[in-house]
Amino acid sequence: MKILIADDEALSRRLLERTLDRAGYEVIAVENGKEALEQLCKPEGPRLALLDWVMPELDGPGVCRAVRTRSEQTYVYMVLLTSKGSKEETVLGLESGADDYLTKPFNAEELRARLRVGERILLLEDRLVEARENMRFRATHDQLTSLLNRGAVMDLLARELHRSHREQKSTAILLGDVDHFKHVNDTLGHVVGDEVLMEIANRLVAAVRSYDFVGRYGGEEFLVVLNNCDPAFAPLRAEEIRKSISNRVIQTAKGPLTLTMSLGLLLSSEWGKKPIEELLHEVDIALYEAKAAGRACLRIAKSRTPVESSPSPLPQTVRLRH
Amino acid sequence: MMSKKEEGHSEPVWNLAELLERVDNDQELLRELLNIFKDDFPQTIRSLQSAVNSEDLKNSSRLSHTLKGMLSSLGATPAAAAAAKLEALSSAGETGSLEGAFSALEAEARRLLPELEAYMAEVRH
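What comes next concerns the included structure.

Criteria and cut-off values
Residues numbered from 1 in each chain as written. Chains lettered and ligands numbered in written order. Predicted model: local features only at pLDDT ≥ 70, side-chain atom pairs only at ≥ 80, totals over all residues. Helix = DSSP H or I, 4+ residues; strand = E, 2+ residues; numbered from the N terminus. Buried ≥ 20, exposed ≤ 12 C-beta atoms within 10 Å, placed from the backbone. Contact = placed C-beta atoms within 7 Å. Core = buried A, V, L, I, M, F, W, Y, C linked by C-beta atoms within 7 Å. Nonpolar A, V, L, I, M, F, W, Y, C, P; charged D, E, K, R; others polar. Pairing = 2+ DSSP bridges. Axes fitted to C-alpha atoms, helices over the stretch in contact; angles between N-to-C directions.

## A word on the overall build of chain B
In terms of regular secondary structure, chain B is built from 5 helices and 0 strands. Secondary structure elements of chain B, listed N to C terminal, follow the sequence α-α-α-α-α. In chain B, buried positions account for 38% of the 125 residues. Sequence separation of 24 or more characterises 52% of the internal contacts of chain B that already satisfy a separation of 6 or more.

Listed below in C-alpha cells is the structure:
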C-alpha cells in the first residue's frame, strides 16, 4: 500500500521512510505541503498520509483542509505529526480534517498500529464503494443476461440519437426477437429457456463492436444499437448479427437447439429528428413484418413521407409473436 | 557504548537505546541518520544564530523547530528541549530571552556532538 510522508526535516523524514518501508509500505516522501497535496491529488495517489504539522509552503492542517474539499475523490486517511500536543492543537488538527494525530518523536510500534487503523477505514470505504457499484450495475443491467436492461439501453439510445443527429451521422437500431421461443419454454422448461437467452446475449455482444449497445428489451426481445453506423453497411451488419444466432446450435442441458431470430432495422438518418418512442415503434413494425414474412429474416423500417400526415399502414393493436 | 550521565544532568545527552529501538537495531540506518545530522546540523544552527542575533523571530522560530525535530528524532532529549524552549520564546516574541536560550542550546550541542562523533568512530571499525 502506498503511503505519503511529508516532512521538511531530512533526518526525521528518512527515519519515517525507512520505518514504513520496513513495515511493507510503498513510501513516497516529500519535503513540503504543496508537494504533498500534489501527490494526494493524483488519480492513483497514496490514500494514507503522514503529514508534519509545521512545513514550508503549506502546513499539515492546510494540506488536510485542501484534501477534504475534493469530495469526489477516494478517501485519504491523514495523520498529523507534531512535537507539541496541547489540547487546543489536537482539536485544531482534527478539525482541519486529519483523522489522527501523533506526537514526535514517534514510537515505531504505535505508528504502525495507528496506520493499521487507517487501513481498516480505507478497507471499509473500498467495500462501500464496491457495494454501491454493484447496486448501480444491478439497477442498469438485466439479472439473467447481464445485458443492459430496458431502461438503461433506452437512455443510451436517446443519447446516441441526439449525438448522431448533431454530428449528422446515422445510428442503426435493431430489434430482435427469438423465433418460437415460447415453444422452447413450454416443451423444455424455463431453465433451458434461460440458457438460450444467456447464450443469445453472449452472441449478440460478440457480434457488435465494443462501443455498440446490446440490451434486453423484453422477455425474448433484444435491442441492439450500432453507433455511428454507415447506412450502406447497416443491413449487412444486421444480417451478420442475425446469422450469429442461427448459424450455430445452442448447447443446452436438454441437448443442442437450432434457433433463429427475426429482426427489424431502422437507420436514424432516414427519419430526421423523431422522438425515440416513435423510432422504436417503427422498428417494432419492421420486426412484425419480418415475423409475417416467415421469421428468421430482416426487415428495414421504411420512412413513409410525409410521416406526420400519413396514418400508419399497419394495425396499432398489440401483436403477439411466436 | 552507553551514553554517559554528566554531572548536574539527570538525563543522558543522547539516548542511544531509545534510538536503536526506533530504528529497529538497523545499524546502517543509524549511521545514515547520523550522517544526515552531521550534514544538516551545523548549517541550521549557524542560520539560527544569525536569526537570533538579528532578532528575526520568524526564522528563529522556524529553525529552532527544525532543530527540535532533528534532535528529538535522534534521541538527544536535552538538546531537543533547549531547541523547544527557543522556539517557544521566538513564537511568543520574547526577543530579550533569545540570546540566553540560544546559548543553552549551543551548550547542549557541545555536550552532544563529541558523543555522536565517538559513536561514529567506534562503529566504523
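Anyway, onward from the coordinates.
## A word on the nonpolar core
Of all hydrophobic cores here, the largest spans 63 residues; its most connected members are A:Ala36, A:Ala49, A:Leu51, A:Met78 and B:Ala83. Once residues lying within four places of it in the same chain are set aside, the contact partners of A:Met78 are A:Ala49, A:Leu51, A:Cys64, A:Val67, A:Gly97, A:Ala98 and A:Asp99. Residues A:Ala172, A:Val196, A:Ile200 and A:Ile245 belong to the second largest nonpolar core, which totals 46 residues.

## Section: unusual backbone geometry
Residues A:Lys104 and A:Pro105 are joined by a peptide bond in cis, for which omega reads -5°. Looking at the secondary structure, you find A:Pro105 in the loop between β5 (100–103) and α5 (108–140). Within the chain, A:Ser146 stands out as a residue other than glycine whose phi angle is a positive 65°. Relative to the helices and strands, A:Ser146 is located in the loop between α5 and α6 (150–166). Residue A:Ser146 is classed as partly exposed on the basis of its 14 C-beta neighbours within 10 Å. The phi dihedral of B:Asp24 falls on the positive side, at around 60°, and the residue is not glycine. What makes B:Asp24 partly exposed here is the crowd of 14 C-beta atoms within 10 Å.

## Quick notes on the interface of chain B and chain A
The interface of chain B with chain A comprises 16 residues on the first partner and 13 residues on the second. Looking at the side of chain B that touches chain A, the elements with two or more residues in it are α2 (27–53) and α3 (57–74) of chain B. Examining the composition of the side of chain B that touches chain A, we find that 8 residues originate from one element, α3(B), more than from any other. Per-class residue counts for the side of chain B that touches chain A are 6 nonpolar, 5 polar and 5 charged.

## Focus: the sheet that holds strand β11 (residues 261–267) of chain A
Residues and elements named next belong to chain A. A sheet is described by the order of its strands in space; here 5 strands give the open sequence β7-β8-β6-β11-β12, paired in mixed fashion. What marks the edges here is a single partner per strand, and that holds for β7 (213–216) and β12 (298–300). Each adjacent strand pair in this sheet contributes to an overall mean axis angle of 20°, direction not counted. Judged from the 7 bridges that link them, strand β6 (residues 172–178) and β11 form a sheet pairing that is antiparallel. In the sheet register, Leu175 faces β11, and the bridge partner there is Gly264. On the sheet, α6 packs against β6, β7 and β8 (221–226) and is oriented at approximately 145° with respect to β7.

Bear in mind that shape data such as this cannot, by itself, settle questions of function.
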